[in-house]
Amino acid sequence: MEEPMGRRFAVGYALASKKQASFIQISLINIAKEKSIDLIKIDLEKPLIEQGPFNLVIHKIYGAQWRQQLAEYSAKNPNVLIIDSPDAIERLHNRISMLQVVMELSVIECEDAVSFGIPKQIAVYDASEVLDMNLEGRGLKFPVIAKPLVADGSAKSHKMSLVYNRDGLSKLKPPVVLQEFVNHGGVIFKVYVVGDYVKCVKRKSLPDVNEENLGSLKGSLSFSQVSNLNCVERSGDSYYKMMDLDDGKTEIPPMKLLVDIASGLRRAMGLHLFNFDVIRDDRIGNRYLVIDINYFPGYAKMPSYEHVLTDFFWDVLNHTNKKEIDLDLDLDSDTSGCKNEGSMLVSSNADVDDGAANRILVVDEKENPIQV
Ligand SMILES: Nc1ncnc2c1ncn2[C@@H]1O[C@H](COP(=O)(O)OP(=O)(O)OP(=O)(O)O)[C@@H](O)[C@H]1O
Ligand SMILES: O=P(O)(O)O[C@H]1[C@H](OP(=O)(O)O)[C@@H](OP(=O)(O)O)[C@@H](O)[C@@H](O)[C@@H]1OP(=O)(O)O
Ligand SMILES: [Mg+2]
Ligand SMILES: [Mg+2]
């Protein structure tokens, strides 16, 4: 449906320069323009409150100052949609709370023998804890991946190490999360979510570790952003071309499962723009583990991202009268299915609230952004 002649929408974007270079492509600007949507850069050097007018603001900026700016802007411009709420995004800045939400997803129907969950993990806050820690006693065994607890977009927050044995623990710099390394055939599935749109792509991941070789491996191995390593930048226009893995043999997980997890996460987190990383647990045929969730990921690597994002903006902008965005979660279908509990999968026939539960309010009565 086209907007009546003359009516245009302004979408303000607040992005770090690297993100701006990859996301704000001419192709996106033009496709949005055809749908009467103008993408307008927010100048981070000036107060947000002095900028606009905007109908919608999208953003990926860290820090209290930016949150304060958004709060002031919302108070002054209650009709402007902010996607997403900074409080909701905050949950993804900690690798424990990030994955906890997956454990809270209930009633996702799975095909026979298909299940999902997260790897076992513990947080370590203090360097003195690390050395005399009894990993096995806490349900973890080597190898483990050590990930910085904080995921704040810094290069440091992506620095991981694969720890093979006790010697490797000594180099860790808490606060870190120790997560069991799960063999998964060297392939990772990146599931991009844009409102109710879901797209899964395959990427290269860390190779499997052979348990028999563990004894001979030296303490630990450091790495960073493995799944982005085959991403190249086209000279001149900073266009990202993702060499998605096409090994011709790895099947993607059942799409229904991914869509259900995506819908569940959207509702539970109150977010519209994110991706999540999934691996297939080689020990248990059809068990899928969510290992990472990223806010406003590298959408430019997603096929036809310009159309997907433009359609999303259009939908959101045309729901503003209702002050709500229908998340279309389809929760009132058959509720008997699988519920994720700990690392176990149990059957559930729990009742689910329909109606209100299917919608996420974006603004409250005073039309300030709220958390769901
Ligand atoms: N539990 C795990 N078992 C096996 N491999 C893992 C596990 N966790 C992470 N990995 C591997 O390490 C990589 C980096 O981990 P993770 O995705 O948590 O880091 P990140 O820096 O947040 O990544 P991104 O660039 O997607 O934000 C994954 O892409 C995957 O290859
Ligand atoms: O550009 P940004 O800083 O947002 O980087 C994000 C990066 O997107 P990019 O491709 O645009 O670099 C994402 O890649 P994909 O998952 O989509 O492959 C992922 O690595 C996020 O974790 C990064 O966000 P951060 O965790 O650092 O906040
Ligand atoms: Mg990841
Ligand atoms: Mg991440």
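Residues numbered from 1 in each chain as written. Chains lettered and ligands numbered in written order. Predicted model: local features only at pLDDT ≥ 70, side-chain atom pairs only at ≥ 80, totals over all residues. Heavy atoms only, no water.

The criterion, for reference: UniProt positions are given in the numbering used here, feature names are shortened, and annotations may be inferred rather than shown by experiment.
Within an unreviewed UniProt entry, the label attached to the chain reads Inositol-tetrakisphosphate 1-kinase, and the organism entered is Erythranthe guttata. Listed under Function (unreviewed entry) in UniProt, the entry text for the chain is "Kinase that can phosphorylate various inositol polyphosphate such as Ins(3,4,5,6)P4 or Ins(1,3,4)P3."

## Digging into the site of ligand 1
Cut-off, in case you're wondering: Here a residue is considered near a molecule or strand provided that any single heavy atom belonging to it is located within 4 Å of it. Pairs of N or O atoms are called polar contacts if they sit within 3.5 Å, as long as, within protein, a hydrogen donor faces a hydrogen acceptor (for residues adjacent in sequence, only side-chain-to-side-chain pairs). All accessible-area figures derive from a Shrake-Rupley calculation using a 1.4 Å probe, and residue coverage is judged against the displayed protein chains alone. Helix and strand labels come from DSSP, where a helix needs a run of H or I of at least four residues and a strand needs a run of E of at least two; each type is numbered from the N terminus. Each residue gets one label: Ala, Val, Leu, Ile, Met, Phe, Trp, Tyr, Cys and Pro are nonpolar, Asp, Glu, Lys and Arg are charged, and the others, such as Gly, are polar.
By nearness alone, 23 residues border ligand 1, and K147, H158, Q179, K190 and S205 come closest of all. The separation between an oxygen atom of ligand 1 and a polar side-chain atom of H158 is 2.6 Å. The fraction of the free accessible surface of ligand 1 (610 Å²) that becomes covered by protein chains is 98%. Those elements giving two or more residues to the shell around ligand 1 turn out to be β7 (144-148), β9 (176-180), β10 (187-194), β15 (273-280) and β16 (287-295). It is β16 that contributes the most residues to the shell around ligand 1, 3 residues altogether. Looking at the shell around ligand 1 residue by residue, the class counts come to 11 nonpolar, 6 polar and 6 charged.

## Observations concerning the UniProt feature "binding site: 1D-myo-inositol 1,3,4-trisphosphate" (unreviewed entry) in the chain
Formally: The classification of residues rests on relative accessible area computed with a 1.4 Å probe and restricted to protein chains. Under 20% of the type maximum is buried, over 50% is exposed, and intermediate values are partly exposed.
Taking the numbering used here, the UniProt-annotated feature "binding site: 1D-myo-inositol 1,3,4-trisphosphate" (unreviewed entry) corresponds to K19, K60, K147, H158, K190, N294 and G298. Taken together, the annotated residues stretch across 280 residues and extend over separate regions, lying up to 22.8 Å apart by C-alpha. On the secondary structure map, K19 appears in helix α1 (residues 17-23). What makes K19 buried here is its relative accessible area of 14%.

## Here's the deal with the coordination of the magnesium ion (ligand 4)
Ideal geometry at a metal centre: 109.5 degrees between donors when four sit tetrahedrally, and 90 or 180 degrees when six sit octahedrally. Heads up, the rule is: Each metal site lists N, O and S donors within 2.8 Å (3.2 Å for Na, K and Ca). With water left out of the atoms, a site can look as if it is missing ligands.
Distances from the magnesium ion (ligand 4) to its protein donors, namely D292 (OD), D292 (OD) and N294 (OD1), fall within the range 2.1 to 2.7 Å. Taken as an interatomic distance, the gap from the magnesium ion (ligand 4) to the magnesium ion (ligand 3) is 3.9 Å; D292 donates to each of them. Relative accessible area serves as the criterion here: at 19%, N294 is assigned to the buried category.

## Here we look at the packing of aromatic side chains
Our working rule: Aromatic contacts are taken between Phe, Tyr and Trp rings whose centres are within 6.5 Å, Trp giving its six-membered ring; a plane angle under 30 degrees counts as stacked, one over 60 as edge-to-face, and the others as tilted.
A complete count under the given rule lists 8 aromatic pairs for this structure. Relative to Y73, the ring of F54 has its centre 6.2 Å away and its plane inclined at 45°; by these criteria the two rings are tilted. With a gap of 19 residues between them, F54 in the loop between β2 (37-41) and β3 (56-60) and Y73 in helix α3 (residues 64-76) connect regions that are remote in the sequence. By relative accessible area, Y73 is classed as buried at 1%. With 6.1 Å between their ring centres and 55° between their planes, F312 and F313 make a pair best called tilted. Joined through ring pairs, the aromatic side chains of F23, Y192, Y295, F296, Y299 and Y305 make up one cluster.

## Here we look at the state of the cysteines
Defined as follows: Here, two cysteine sulfur atoms that lie within 2.5 Å of each other are counted as a disulfide.
For the structure on display, the rule yields 0 disulfides. Not engaged in a disulfide, the cysteine C200 finds its nearest cysteine sulfur in C110; these two sulfurs lie 15 Å apart.

## Considerations on the pattern of salt bridges
Opposite charge on two side chains permits them to pair, given that their charged atoms come into close proximity. Our working rule: Salt bridges are defined by distance alone: a side-chain nitrogen of Lys or Arg within 4 Å of a carboxyl oxygen of Asp or Glu.
Taken as a whole and judged by the stated rule, the model has 12 salt bridges. Close ionic contact of D43 with K46 constitutes a salt bridge, the shortest N to O distance being 3.8 Å. When its relative accessible area of 27% is taken as the criterion, D43 is described as partly exposed. One salt bridge in this structure joins K256 and D260, with 2.5 Å as the shortest N-O distance. With K256 and D260 both in helix α8 (residues 255-269) and 4 residues apart, this pair spans about one turn of that helix.

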